Amino acid sequence: MHTYFEELPNELILHIFSTYFDGVQLYKSFFGLNSRYDHLIKSINNIHLRLEYQDDDKSLYLFSTKVISVYIGQKHRSINFIPLLINVRSVTLVDPTIIQIINLLDIGKNLEHASIIWSNPYLINSMSARSFYELIFSASSCESLRSCRLYLPKSHSLYLEPKHCTLLLLCSIYVQLSIPSVDFRRIIRLCPNLIRLEIEIIDDTDSNEEKIIVLSHYQHVNIRRFYIYNLLSLDIFDILMGYIPNIENIYISMKFPSHPIDVFEHLSSIINRIEHLKEFHFHFTTDFWNLGQHQLETIKQMNPFFSNILIQNDDDEIIFIS
């Protein structure tokens with residue numbers, strides 16, 4: 001016996017609408033088909049919008065006061081709707097324009113989650129990135145923010161004073177940056193209650209810049225989870241660990257700068273000094289070095305966190321995973 005969708009009870013249809021469809025999909029697929037669907041759609045209080053194209057805006061005027069999260073895609077460039085989102089709590093922008101960033105000021109104080117995603121992290125609109133950084137960390141503009149994803153331009157390294165714009169509620173952040181040690185200190189100073197920190201390094205750095213940080217020490221006692229992607233060297237990692245003494249969970253991805261045995265020996269010496277470490281995971285790649293079974297067993301015995309290491313072959317790369 002077949003059951004048609006329209007024969008389902010209102011409670012089940014409402015659950016399907018609110019769970020499996022965002023506002024744009026509801027508007028395009030169901031709104032206007034009949035008065036029953038229209039009534040059910042209008043009764044949904046917490047709407048998620050995924051705006052990919054300009055014609056998606058039609059749904060905004062139906063749901064504007066009920067939208068709690070919005071995703072604005074790369075091809076969507078209109079901005080007039082932003083002031084209508086008076087109850088939005090989460091915003092994600094893909095390759096945003098500076099005008100889109102500026103218009104976020106109208107809803108900034110209500111935001112709990114804000115993210116910028118760059119489709120190509122090596123082709124970033126520096127003006128948009130700078131504007132977003134200033135929006136997030138300017139005094140009282142995003143005082144409710146709890147999680148964030150952003151890129152820190154190099155040009156901000158000196159002229160923005162963080163002491164006037166710390167974010168007390170911010171507990172999770174994903175940062176794309178170019179100068180790991182310098183930008184790392186800036187972030188932990190701006191976010192005193194941070195618990196989870198993710199860093200993606202997207203550029204090469206000058207080693208002299210990395211050594212400046214040692215001259216002025218600062219510790220963040222609340223961070224428990226730390227993820228670093230595209231790590232340039234274990235020397236940088238060693239410096240960063242000095243700033244987060246209570247870290248419990250670490251993830252690293254990097255390309256081997258030397259023979260795997262040397263890398264793992266160095267890494268073992270670092271993590272042995274991390275007093276509260278409970279979990280350690282990594283994803284290492286190399287184009288040149290391979291290991292025999294005897295060498296692999298040697299690495300596994302270096303440190304308890306290496307005991308479950310796996311090796312995979314992916315095209316021309318060797319991958320070490322734990």
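If you look the protein chain up in an unreviewed UniProt entry, it shows as F-box domain-containing protein from Rotaria sordida.

So, about the overall build of the protein chain. Along the protein chain, the regular secondary structure elements total 11 helices and 12 strands. Residues counted as buried form 46% of the 322 residues belonging to the protein chain. Considering only intrachain contacts with a sequence separation of at least 6, the fraction spanning at least 24 residues in the protein chain is 61%. Per element, the accessible surface of the protein chain, about 16200 Å² overall, is 52% carbon and sulfur.

Under the criterion given, the structure shown has five salt bridges. Between Arg-196 and Glu-198 there is a salt bridge, with its nearest N and O atoms 3.2 Å apart. Classification of Glu-198 as buried rests on a relative accessible area of 12%. Two residues, Arg-273 and Asp-238, come together in a salt bridge whose shortest N-O distance is 2.6 Å. Residue Arg-273 is found in the loop between helix H10 (260-271) and strand S10 (279-286), and its partner Asp-238 is found in helix H9 (residues 234-241); the two are separated by 35 residues along the sequence. On the basis of relative accessibility, which here comes to 28%, the residue Asp-238 falls in the partly exposed class.

Summed over the entire model, instances satisfying the criterion amount to 23 aromatic pairs. Arranged with centres 5.3 Å apart and planes meeting at 50°, the rings of Phe-256 and Phe-284 form a pair that is tilted. Remark: Phe-284 occurs in strand S10 and Phe-256 occurs in the loop between strand S9 (249-255) and H10; sequence separation between them is 28 residues. Accessibility assignment for this pair places Phe-256 and Phe-284 in one class, buried. Ring-pair connections join several aromatic residues into one group, and the members of that group are Phe-256, Phe-264, Phe-280, Phe-282, Phe-284, Phe-305 and Phe-306. Note that Arg-50 overlies the ring of Tyr-71, its terminal NZ or CZ placed 3.8 Å from the centroid.

Okay, the pairing of strand S1 (residues 47-51) next. Burial along S1 is one-sided: Ile-47, Leu-49 and Leu-51 are buried, while His-48 and Arg-50, pointing the other way, are not. As defined by bridge partners, S1 adjoins strand S2 (residues 67-72) across five bridges and the pair is classed as parallel. Note on S2: the bridge partner recorded for Leu-49 is Val-70.

Before going further, it helps to spend a moment on the environment of Ser-253. Structurally, Ser-253 is set in strand S9. Residue Ser-253 is classed as buried on the basis of its relative accessible area of 11%. Spatially, the C-alpha atoms of Ser-253 and Tyr-227 are 8.5 Å apart, while their sequence positions differ by 26 residues. The residues contacting Ser-253, other than those within four sequence positions of it, are Ile-228, Tyr-229, Asn-230, Leu-231 and His-283.

About the criteria used
- Residues numbered from 1 in each chain as written.
- Predicted model: local features only at pLDDT ≥ 70, side-chain atom pairs only at ≥ 80, totals over all residues.
- Heavy atoms only, no water.
- Helix = DSSP H or I, 4+ residues; strand = E, 2+ residues; numbered from the N terminus.
- Buried < 20%, exposed > 50% of the residue type's maximum accessible area, 1.4 Å probe, protein only.
- Contact = heavy atoms within 4.5 Å.
- Areas by Shrake-Rupley, 256 points an atom, 1.4 Å probe, with all protein chains shown as cover.
- Salt bridge = Lys/Arg side-chain N within 4 Å of Asp/Glu carboxyl O.
- Phe/Tyr/Trp six-rings, centres within 6.5 Å; stacked < 30°, edge-to-face > 60°.
- Lys NZ or Arg CZ within 6 Å of the ring centre and 35° of its normal.
- Pairing = 2+ DSSP bridges.

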